[in-house]
Structure formats: C-alpha cells, structure tokens
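# Observations on the model geometry
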Amino acid sequence: MTRVNFINCFTYRGKILKLLLNYRLRIRKLILSQDRDSGFTTRNLYVFITNGFSRQFRNLALVLTVIFFIGCEKETINLTPESTLLTLNTSLPAPCIALTFDDGPDPAYTGMILKILKEKNVKATFFCVGNKMKKYPKITKRIFDEGHTVANHTIDHSNIANKSFKDAFTNIMRTEKIIDSIIGSSQKLFRPPWGKIKKEQKDSLSKYGFKVFLWNVNSKDFAISKYSPYMIVDMVIHGAQNNDIILFHDSDYKGKESRMSTVIALPQIIDILRAKGYVFKKAEDLTNNNKISETKENLLWE
Ligand SMILES: [Zn+2]
C-alpha cells in the first residue's frame, strides 16, 4: 500500500512539489521567526515534517523531504514568467524619500535620533536653530560628522513672513555663519519655521543662492498629546510617496516638550518604507525638488 502511494507520489510529482514548495515557504517563515540564527536547514525541515508522523512513516517523510528539495530546485528553474516579472520590477528606479528633522539640536533627543539613523544607515537633513547650535556645538558637529546635513532654520525660530526681507535675511545669514563656525562650511539650505515665508522672500533668497525647503508629509510628531507613536508611523507610511520630504522634529523649538514619540516611531517608519522599496536620500539630493512647493498641507509660500 505504501509502495503504491509512493509511486503515486512520482506520478503526481508536479502537484506534490508545488504543494511542498508552498509549505517550504511557510515552514521557512516559521523557522526563521522562531530562531533567526538557526536559519533553514534540512534537519529543521525533516524534524518539522516528521513531527506529526508516526514511526512507520518516518522513512516516507525522509524521502518526501529529499523529493521536496530536488523539487524546489526544479520549481525555481521552472518559474520563468514570475522570475522575469521580478527582474522587471527590480529594474525600475527605486522610489526615493527624505527624512528631515527640525528645531534641534537637542541635548536629549538629537543623539537618540542620530543613533537610530546610524543603525539603519540612513542620512538625513537637520534644520537647526542658530541659538541652539551655539548652545550645543558638539551635537551640531556630531550631526555633520555622522554624514547628515546641518541646515538653516533661523537663529531664533521666528516667523520670517512677518519680517522685512532685510531683517529675515540678516537672521538667516547669522544662522548660516553659526553653521560655518561649527562645521567649517554651510550649504545655504533653509526651511522657514512653520513653513511660513512670503513668495518674494523665497525668490530673493533664491537669488542669494539659497534653496528653500518645506515638506510633503508632516509626521505631526510635535503634537505629542494628540498623536501616539503608532499614529505617527501610520500617518507617515500612508502619506509617503516617491520624492517626498518627511517632516520630523528632533526637538521642541521652545526646548520643553518630549520627542520620545519621534524616537519610538522612527525605526519602524524606516523599516517599513525600506521594505516598500524606498531609498533614503537627503532632502537636497532628491531629484524632483519642484514637489517641495506642492505640500499636501497647503502650506504654500505665503
Ligand atoms: Zn521649526
């Protein structure tokens, strides 16, 4: 009886192998989730398959395991249409995304965020407040030393839309000099506090060589009483699209509020976006900078 079944196994080999291939994926997932280091071995599989078998069927299980592995090899080769599809997908340019952090440097949270970015191998742009950079030059230098960009967010986090261009420009240039004094250079990358800037101010800044950045996705991590880390992750993941700039805060501009929500949400956001195929770039390195003025929050140039 066993022999007949065994022959049938070969008669319906294709079907069985397909079934086993599906099981292979499930089992592999299970084994990996149980013990990441043990990996996926024949022994693991054999133990798994034979687990529910009585003693007399162990040999059959062993044979099935062997067929299964040979079958997997064959199936991989036979999956030509899907393999082609995969190749086509990977040949498409990967979507890009930029993470930005405003209102720092902060003695508590900037370091935690830098640690996460280092672990995840992501480079970002930090729009820093001049007075805080003066107060925390070591943290400012560390941002730069770890490969991120230190950019300009005014000297005192003031609303430049309420200022004359002369006053706004003086404020921005003083901040630029602070950046230069700490890291030895500055790139004229500016983000106005609250995204508020007049169109003529923006145009004049452009004439002086500044690039002005807003954002496309607001993580709302500043509203700590309203949004949990989970909600922040959810908002960012569902709002993000190719070439988007995401707004986070590594500090409270008044220096009073916690930014732990940002610290908790950030690793998950990076992992999920990466799993979706996104490549992380600095805001100034995104190719489609025109998109910056089309913010989803209607925070257009005022
Ligand atoms: Zn700000």
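Residues numbered from 1 in each chain as written. Predicted model: local features only at pLDDT ≥ 70, side-chain atom pairs only at ≥ 80, totals over all residues.

The end-to-end C-alpha distance of helix H6 (residues 109-120), which contains 12 residues, comes to 17 Å, matching closely the 16 Å that a straight helix rising 1.5 Å per residue would cover. If you follow the buried residues of H6, they end up packed against strand S1 (96-102), helix H8 (137-145) and helix H12 (260-275). Asn-121 lies just past H6 and shows a positive phi near 55°. (Helix = DSSP H or I, 4+ residues; strand = E, 2+ residues; numbered from the N terminus. Expected span 1.5 Å × (residues − 1). Contact = placed C-beta atoms within 7 Å.)

Attention now moves to the confidence of the model for the protein. Of the residues in the protein, 65% reach a pLDDT of 70 or more, and the chain-wide mean stands at 80. Contacts of residues 1-11 to residues separated by more than four positions or lying in other chains number 2 contacts, the stretch itself having pLDDT below 50. Taken together, the stretch residues 290-302 has pLDDT below 50 and engages in 26 contacts with residues farther than four places along the chain or on a different chain. (pLDDT = per-residue confidence, 0-100.)

Our next topic: the nonpolar core. Grouped together as the largest cluster of nonpolar side chains are 51 residues, with contacts concentrated most on Phe-126 and Ile-246. If one sorts the elements of this core by residue count, H12 sits on top with 6 residues. Leave out the neighbours within four places in its chain, and Phe-126 touches Phe-101, Gly-104, Ile-143, His-148, Thr-149, Val-150, Ala-151 and Asp-250. (Core = buried A, V, L, I, M, F, W, Y, C linked by C-beta atoms within 7 Å. Buried ≥ 20, exposed ≤ 12 C-beta atoms within 10 Å, placed from the backbone.)

Quick look at the environment of Val-150 now. Take Val-150: it is sitting in strand S3 (residues 149-152). Residues Val-150 and Phe-101, spaced 49 residues apart in sequence, show a C-alpha to C-alpha distance of 9.8 Å. Contact partners of Val-150, with chain neighbours within four places excluded, come to Phe-126, Cys-128, Thr-140, Ile-143, Phe-144, Ile-179 and Ile-183.

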